[in-house]
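Descriptive analysis of the structure
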Amino acid sequence: MALIPPSFLDAIVAIGTASEKNPVRFVATGFFYGFPRDVDSTGQAKSHNIFLVTNRHVIEGQKELTVRVNRRENEPAKLFLSPLKTSDGSDTWIKHPGDADVAITHIDAPNLAEQGVKFDFFRDPIHTVSRKKANELGISEGVGVYVLGFPLGLAGKERNYAIARHGVIARVQDWLRGDSNEFLIDATVFPGNSGGPVVTKPELANITGTKPLHECSLIGLVSSYIPYQDMAVSTQSGMTRAVFQENSGLAVVVPFDAIREAVGYWFELNREQLGDEYKGPSLPIN
């Protein structure tokens, strides 16, 4: 039985860089996220503003990115260039207003649909877990998660096929208490996983004293793995001859709240342009 909704996999894209001398090299992961635009009387979103989300360290130092998305009817994936600035020098990608490792860009979703792109997105608040909601759900150490993305640039030959890796939340209490802006998972990630979504794993049963978690939801995005150092020591001199950096298996996750904060910042920057369409921070989101 599949525990990851197919729509989540359709929300994930491969992000690459290229140069005049080198072809596209996929170095990171991104995903589409939808913030409610119009809400009906029952609180349900009638439409969304769609954003592409990744890490801020992915876009830093780049002039443009290559975004690879799937097309319908099993056609080969399509590449889009995403410059970081417009012709007049304005930023097209917005970094989190603080220091969170998050960057977003607004997407022309109807245009993608017209070009036959097959994509979906994480819908806020249906598919997301904020700090407030995490406390209500009883999120704690040991809760299962999936890391979705393209480690080592393994994006597939013709189409994006995200790689799902299983892990658990390793340390989260400091984030739940508001003492930290990140949490740790025990899941091996590699270069290429940066910017990929971390989603909760639904559980069919729970032990006494804990709440069952029935939802597969976006709880954050991968930022980096935590390294440790190993040393090669000379048996003759006892001195260190080489130092190796190894993957500890622990990874840093930027919580979902930082994505919403970056989107709120985007709304503020575009307040005049949006006019009557400005409905960002005032929307009631759990």
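Within each chain, residues carry numbers counting from 1 in the order of the written sequence. Restriction of local features to residues with pLDDT of at least 70 applies here, the model being predicted, together with a cutoff of 80 or more for giving and counting side-chain atom pairs; totals for whole chains, interfaces and linings are based on all residues. For side-chain calculations, the full set of non-hydrogen atoms in the structure is used, while hydrogens and water are omitted.

1. Observations regarding the overall build of the protein chain
- Along its length, the protein chain carries seven helices and 14 strands.
- Only C-alpha atoms enter the radius of gyration; for comparison, a globular chain is expected to reach 2.2 Å times N to the power 0.38, where N is the number of residues. In terms of overall size, the protein chain behaves like a compact globule, its C-alpha atoms giving a radius of gyration of 20 Å where 286 residues would be expected to give roughly 19 Å.
- Each principal axis of the C-alpha distribution contributes one length, and for the protein chain these read about 75 × 60 × 40 Å.
- The rule is simple: take the accessible area with a 1.4 Å probe, protein chains only, and divide by the maximum for that residue type; under 20% is buried, over 50% is exposed, in between is partly exposed. When each of the 286 residues of the protein chain is scored for burial, the buried share is 45%.
- Pairs of residues are marked as contacts when any of their non-hydrogen atoms sit within 4.5 Å. For the protein chain, the proportion of contacts with a sequence separation of at least 24, taken over those separated by at least 6, is 64%.
- Note on areas: Shrake-Rupley, 1.4 Å probe, and residue coverage restricted to the protein chains presented here. Surface summary for the protein chain: the accessible area is close to 15000 Å², and the carbon and sulfur share equals 49%.
- All tallies of charge rest on Lys and Arg as positive and Asp and Glu as negative; His and the ends of each chain are not included. Where a charge sits is defined by one atom per residue type, namely NZ (Lys), CZ (Arg), CG (Asp) or CD (Glu). Side-chain charges of the protein chain comprise 28 positive and 33 negative groups, with the mean position of each set lying 4 Å from the other. Under the scheme used here, helices are H or I runs from DSSP no shorter than 4 residues and strands are E runs no shorter than 2 residues, and both carry numbers assigned from the N terminus.

2. Some words on the packing of aromatic side chains
- The pairing test for Phe, Tyr and Trp rings, Trp by its six-membered ring, is centres within 6.5 Å, and the orientation test on the planes gives stacked under 30 degrees, edge-to-face over 60, and tilted for anything in between. Overall, the coordinates contain eight aromatic pairs when judged by the stated rule.
- Here Phe51 and Trp266 contribute two aromatic rings whose centre-to-centre distance is 5.1 Å and whose plane-to-plane angle is 80°, an arrangement assigned as edge-to-face. Pair noted here: Phe51 is in strand 3 (residues 45-54) and Trp266 is in helix 6 (residues 257-269), with a separation of 215 residues, a long-range link. Residue Phe51 shares its accessibility class with Trp266, and that shared class is buried.
- Through pairs of rings, three or more aromatic residues link up here, namely Phe35, Phe51, Trp266 and Phe267.
- Lying across the ring of Phe80, Lys78 places its NZ or CZ 5.4 Å from the centre.
- Only lysine NZ and arginine CZ atoms are considered, and such an atom sits over a ring when it is within 6 Å of the ring centre and within 35 degrees of the ring normal. The positively charged end of Arg123 is found above the aromatic ring belonging to Phe121, 4.0 Å away from the centroid.

3. Considering empty space enclosed by the protein
- Only protein atoms enter the 1 Å grid, on which a cavity is a set of points fitting a 1.4 Å probe that cannot get out and a pocket is an open set with protein on both sides within 12 Å along at least 5 of 7 lines, lining residues being those with an atom within 4 Å of a point. Grid points are joined across faces, edges and corners, and a volume is the space filled by probe spheres set on the points. Considering all chains together, one arrives at one cavity of 30 Å³ or more under this definition.
- By volume, the largest cavity amounts to about 40 Å³.
- Lining of the largest cavity is provided by Asp10, Ile12, Val13, Phe32, Val69, Asn70, Lys118, Phe119 and Asn160.
- Looking at the lining of the largest cavity residue by residue, the classes come out as five nonpolar, two polar and two charged. Put simply, Ala, Val, Leu, Ile, Met, Phe, Trp, Tyr, Cys and Pro go in the nonpolar bin, Asp, Glu, Lys and Arg in the charged bin, and everything else, Gly too, in the polar bin.

4. Structural notes on the environment of Pro125
- Within the fold, Pro125 resides in the loop between strand 8 (122-123) and helix 4 (131-137).
- Taking the relative accessible area as the measure of exposure, Pro125 reaches 28% and is therefore partly exposed.
- For the pair Pro125 and Leu218, spaced 93 residues apart in sequence, the C-alpha to C-alpha distance is 9.7 Å.

5. Quick notes on the sheet that holds strand 11 (residues 183-186)
- For two strands to be treated as a pair, DSSP must find no fewer than two bridges joining them. With antiparallel pairing, the six strands of this closed barrel are ordered in space as 9-10-11-14-13-12. Mean inter-strand twist for the sheet, computed between neighbouring axes without regard to direction, equals 45°.
- Bridge analysis of strand 9 (residues 144-149) against strand 10 (residues 163-171) gives six bridges, and the strand direction is antiparallel. Bridging across to strand 10, Val145 finds its partner in Gly167.
- Across the sheet, helix 6 touches strand 13 (218-233) and strand 14 (240-255), and the angle it forms with strand 14 is around 70°. For every element, the axis is a line fit to its C-alpha atoms; helices are fit only across the contacting stretch, and the angle between N-to-C directions ranges from 0 to 180 degrees.

6. A few points about the nonpolar core
- To form a nonpolar core, buried Ala, Val, Leu, Ile, Met, Phe, Trp, Tyr and Cys residues must be joined to one another through side-chain atoms within 4.5 Å. By size, the foremost hydrophobic cluster in this structure holds 33 residues, and its most contacted members are Tyr33, Val53, Val102, Ile104 and Ile259.
- Ranked by residue count, the leading element in this core is helix 6, at six residues.
- Beyond its immediate sequence surroundings of up to four residues, Ile259 is in contact with Phe31, Tyr33, Val53, Val102, Leu218 and Leu221.
- Among the nonpolar cores identified, the runner-up in size contains 21 residues, and Ile139, Ile169, Val198 and Ala251 belong to it.

7. Some thoughts on unusual backbone geometry
- Cis peptide bonds are those with omega within 30 degrees of zero, and the linkage from Asp124 to Pro125 qualifies with 5°.
- Not every positive phi belongs to a glycine, and Glu73 is a case in point at roughly 60°.
- Inspection of the secondary structure puts Glu73 in the loop between strand 4 (64-69) and strand 5 (78-83).
- A relative accessible area of 70% places Glu73 in the exposed class.

8. Comments concerning the side chain of Asn49
- For Asn49, the position within the fold is in strand 3.
- Classification of Asn49 as buried rests on a relative accessible area of 6%.
- A 3.5 Å cut-off defines polar contacts: any pair of N or O atoms within that distance qualifies, except that in protein one atom must be a possible hydrogen donor and the other a possible acceptor, and neighbouring residues in sequence count only when both atoms are side-chain atoms. A distance of 3.1 Å separates polar atoms of two side chains, one belonging to Asn49 and the other to Arg37.
- In this structure Asn49 touches Tyr33, Gly34, Phe35, Arg37, His106 and Phe267, once residues within four positions along its chain are discounted.

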